[in-house]
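Summary of structural features
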Amino acid sequence: MSEEKFDVIVVGAGLAGNTAAYLMAKAGLEVLVIERGETIGCKNVTGGRMYSHSIEKIFPDFAKEAPIERKITKERISFVTGDSATTVEYAADKLGEQGKATYSICRGHFDPWLAGKAEEAGAMYVTGIRVDEVLVRDGKVCGVVAGGEEMEADVVLLADGVNSLLAQQLGMKKELAPSQVAVGVKEIIRLGEEKINDRFGAASSEEGTAWLFAGDVCGGNVGGGFIYTNKDSLSVGIVTTISEIGRIDLAPRDMLERLKSHPTVAPLIKGGETIEYAAHLVTEGGYDMIPTLYRDNVLVAGDAAALVMNLGFTIRGMDLVIESGRLAAETIIAAKQKGDYSAATLSQYKTALDNSFVMKDMQHFRKMPKFIENHRIHGQYPGMIDEIMSELFIMYGQEPVKFKKKAMKAVKKVGMMNLLKDGMNGMGAM
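Since the model is a prediction, treat every value here as computed from it, not as a measurement.

Description of the overall build of the protein
Helix and strand content of the protein: 16 helices and 19 strands. Relative to a compact globule of 430 residues, whose C-alpha radius of gyration would be 22 Å, the protein shows 23 Å and is just as compact. Each principal axis of the C-alpha atoms in the protein carries an extent, and together these give about 85 × 45 × 40 Å. With 430 residues in all, the protein has 55% of them scored as buried. Here the analysis covers contacts within the protein between residues at least 6 apart in sequence; of these, 73% occur between residues at least 24 apart. Surface accessibility of the protein: about 19,100 Å² in total, with carbon and sulfur atoms responsible for 51%. In the protein, 49 side chains carry a positive charge and 57 a negative one; their mean positions are 8 Å apart.

Set out below in structure tokens:
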């Protein structure tokens, strides 16, 4: 048994764990962070974008110092069939306003920077060690068992990722259901800044694009693809719900190749070099899969708390987990001052989350996961849109037909009642 007792042990050095460690160490608490990866960030392969408002509460000018990639100045959504894409683009200066800006980041670079801030504040990090279980005595959490050694603490913060076996051990989280979790497969493809600027219409290497793809990418399965522009590389990947795997003869890795070979995407990545390939789990269940967040001497934060939202038009998670780390830290700091780590005291964490944008947004979009499960969105609607667009733009001397009639022909293949029902459900989910 270790003779040293910490104020807090944080399990997991992701965004939530690092944020909490920084704030708690800054407040004078003795903090130990245990990360199973050999290095900070090596297990955090999310390729994507960070909404900056959460981290700016902690580091107002973080973008001047942190290893961000590009500020997102263009949003694109494409509905694709096997050989076509109907794309909606939104570009505006307001996308880059202070407090509203989003950035593409590579977690392998960003997470070590944030952990470095926590270490500078006094947090201790141990990497390459897996926490095997939470230490419980007399019904109360009192530390963890890692690397065969017992390490004690007044409180444990579980920020150990989507599949938090430790939260399951404590009965705070149920085993993940296949419909509640997706698998993401991602490559980072190096192209060079100049090529990215040219191919994505960026005036400089500060401007970036977030591009989502729905439809044929996943063969009609629930899921989609994405491209995020980094400084000199692209994050290219797909996400598909685990319960969908096996529905068609197309594995997730094949879906990624399907996206990369699509006529819209292939020219964008031509000549690129794959420098990273990885897969990871993503929670998809939204508000209804949030676990128990507190009990005596323990809190759950970040991905372990299922704080991710797939809204179809964007995917959010980083801003939610950073805020959860901040609020968990504030709760633990207050508990330290009181000398009381009971569930009654730590319940302030849940109260703070409920009063924050985190739970308000999660509740607001509670119906979105069910709506996105609709196979017509991923299978039939892209084809319907393609047919309407081809009738609108292709001319070969054919007999003129009223556009309404052309459009209705495409709509009837899906069904007018289905279209109306899905439209109403979509509006209800938002």
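Considerations on the pairing of strand β10 (residues 149–158)
The buried count for β10 comes to 8 of 10 residues, which makes it a mostly enclosed element. Both strand β1 (residues 5–11) and β10 contribute to a ladder of 6 bridges, which runs parallel. Note that in β10 the partner of V10 across the bridge is L157. Where strand β9 (residues 140–146) meets β10, 4 bridges bridge the pair, whose relative direction is antiparallel.

Here we look at the pattern of salt bridges
All chains considered together, the criterion is met by 25 salt bridges. In this structure, R366 engages D288 in a salt bridge whose closest nitrogen and oxygen atoms are separated by 2.6 Å. With a gap of 78 residues between them, R366 in the loop between α11 (357–364) and α12 (368–372) and D288 in the loop between β15 (273–283) and β16 (294–295) connect regions that are remote in the sequence. On the basis of relative accessible area, R366 is assigned to the partly exposed category, the value being 40%. The residue D354 makes a salt bridge to K350 at a minimum N-O spacing of 2.9 Å. Of the two residues, D354 and K350 both sit in helix α10 (residues 343–355), 4 residues apart, roughly one turn of that helix. You can call K350 partly exposed: its relative accessible area is 26%. Beyond isolated ion pairs, a larger network of salt bridges with shared partners links K57, E323, R326 and E330.

With respect to the environment of V88
Structurally, V88 is set in strand β5 (residues 85–91). The class for V88 is exposed, based on a relative accessible area of 51%. Considered as a pair, V88 and E75 are 13 residues apart in the sequence and their alpha carbons are 8.2 Å apart. With residues up to four places along the chain from it excluded, the contact list for V88 reads E75, R76 and I77.

Things to note about empty space enclosed by the protein
Considering all chains together, one arrives at 2 cavities of 30 Å³ or more under this definition. Its boundaries defined by the atoms lining it, the largest cavity holds a volume of some 70 Å³. Looking at the largest cavity, the residues that line it are S179, V222, T241, E284, N310, P369, I372 and E373. Along the lines of polarity and charge, the residues of the lining of the largest cavity split into 3 nonpolar, 3 polar and 2 charged. Of the volumes computed, that of the second largest cavity is approximately 50 Å³. Forming the walls of the second largest cavity are T283, E284, G286, V308, M309, N310, L311, F365, M368 and P369.

Describing the layout of surface pockets
As a volume, the second largest pocket reaches approximately 780 Å³. The wall of the second largest pocket is formed by 30 residues, among which F79, G312, F313, F371 and I377 lie closest to the centre. Counting residues per element, the ones that place at least two in the lining of the second largest pocket are β4 (68–80), β12 (207–215), β13 (223–229), α12, α13 (375–378), α14 (380–393) and α16 (416–429). Residue composition of the lining of the second largest pocket, by class: 20 nonpolar, 8 polar and 2 charged.

Side note on the nonpolar core
Core analysis: the largest hydrophobic core is formed by 89 residues, its most contacted members being M24, F62, F110 and L158. The leading source of residues in this core is helix α9 (residues 318–338), at 10 residues. If you look at the next biggest cluster of nonpolar residues, it comprises 21 residues, including V80, I227, V236 and L259.

Overview of the pairing of strand β6 (residues 102–106)
Successive side chains on a regular strand alternate, one facing one side of the sheet and the next facing the other. Of all 5 residues that make up β6, 5 are buried, and the element is covered over most of its length. In this structure, β4 lies alongside β6, joined through 3 bridges in antiparallel fashion. Note on β6: the bridge partner recorded for R70 is S104.

Examining the packing of helix α1 (residues 15–26) against helix α4 (residues 107–121)
Running from N to C, α1 and α4 point in directions that differ by 15°, and their axes come no closer than 7 Å. Relative to α4, the element α1 lies roughly parallel. Where α1 crosses over α4, the two elements pack in a sense that is left-handed. Touching L15, N18, T19, A21, Y22, A25 and K26 of α1 are R107, F110, D111, L114, A115, K117, A118 and A121, all from α4. When the residues that make up the contact of α1 with α4 are grouped by side-chain class, the tally is 9 nonpolar, 2 polar and 4 charged.

With respect to the packing of aromatic side chains
A complete count under the given rule lists 8 aromatic pairs for this structure. Ring centres 5.6 Å apart and planes at 85° place the aromatic pair F62 and Y103 in the edge-to-face group. With F62 in helix α3 (residues 62–65) and Y103 in strand β6, this pair connects stretches of sequence that are 41 residues apart. Of the residues examined, F62 reaches a relative accessible area of 1% and is grouped as buried. Between the aromatic rings of F200 and W211, the centroid separation amounts to 6.3 Å while the plane-to-plane angle is 85°, which identifies the pairing as edge-to-face. Taken together, the positions of F200 in the loop between α6 (193–199) and β12 and W211 in strand β12 put the pair 11 residues apart, joining distant regions of the chain. Residue F200 is classed as buried on the basis of its relative accessible area of 2%.

Reading the values: rules and limits
- Throughout this description, residue numbers start from 1 for each chain and increase along the sequence as written.
- At least 70 in pLDDT is required for a residue's local features to be given in this predicted model, at least 80 for side-chain atom pairs to be given and counted, and no such filter applies to totals for whole chains, interfaces and linings, which use all residues.
- The side-chain quantities take in all heavy atoms of the structure and omit both hydrogens and water.
- Helix and strand definitions follow DSSP, with helices as H or I runs of at least four residues and strands as E runs of at least two, each counted in order from the N terminus.
- For a compact globule the rule gives 2.2 Å times the number of residues to the power 0.38, and the radius of gyration it is set against comes from C-alpha atoms.
- Accessible area is worked out with a 1.4 Å probe on protein chains only. A residue is then buried under 20% of its type maximum, exposed over 50%, and partly exposed in between.
- We call two residues contacting when some pair of their heavy atoms lies within 4.5 Å.
- Using a 1.4 Å probe, the Shrake-Rupley method yields the accessible areas, and only the shown protein chains count as cover for residues.
- As used throughout, the charge tally considers Lys and Arg to be positive and Asp and Glu to be negative, leaving His and the chain termini uncounted.
- Note on charges: their place is set at NZ of Lys, CZ of Arg, CG of Asp or CD of Glu.
- A pair of strands is treated as paired once DSSP finds two or more bridges between them.
- Any carboxyl oxygen of Asp or Glu within 4 Å of a side-chain nitrogen of Lys or Arg constitutes a salt bridge here.
- For each structure, a 1 Å grid was placed over the protein atoms alone; sets of points admitting a 1.4 Å probe that cannot get out are labelled cavities, open sets with protein on both sides within 12 Å along at least five of seven lines are labelled pockets, and lining residues have an atom within 4 Å of a point.
- Grid points are joined across faces, edges and corners, and a volume is the space filled by probe spheres set on the points.
- Residue classes follow a fixed rule: Ala, Val, Leu, Ile, Met, Phe, Trp, Tyr, Cys and Pro count as nonpolar, while Asp, Glu, Lys and Arg count as charged, and any other residue, Gly among them, counts as polar.
- Nonpolar core, defined: a set of buried Ala, Val, Leu, Ile, Met, Phe, Trp, Tyr and Cys residues in which side-chain atoms within 4.5 Å join the residues together.
- Axis geometry follows a simple rule: fit a line to the C-alpha atoms, using only the stretch in contact for helices, then measure angles between N-to-C directions, giving values from 0 to 180 degrees.
- Roughly parallel refers to an angle under 35 degrees, roughly antiparallel to one over 145, roughly perpendicular to one between 65 and 115, and oblique to any angle outside these ranges.
- For any helix crossing, the convention is left-handed if the near helix is rotated counterclockwise from the far helix by under a right angle, and right-handed if that rotation is clockwise.
- In this scheme Phe, Tyr and Trp rings, the latter by its six-membered ring, pair at centre separations within 6.5 Å, and the angle between planes marks the pair as stacked below 30 degrees, edge-to-face above 60, and tilted otherwise.

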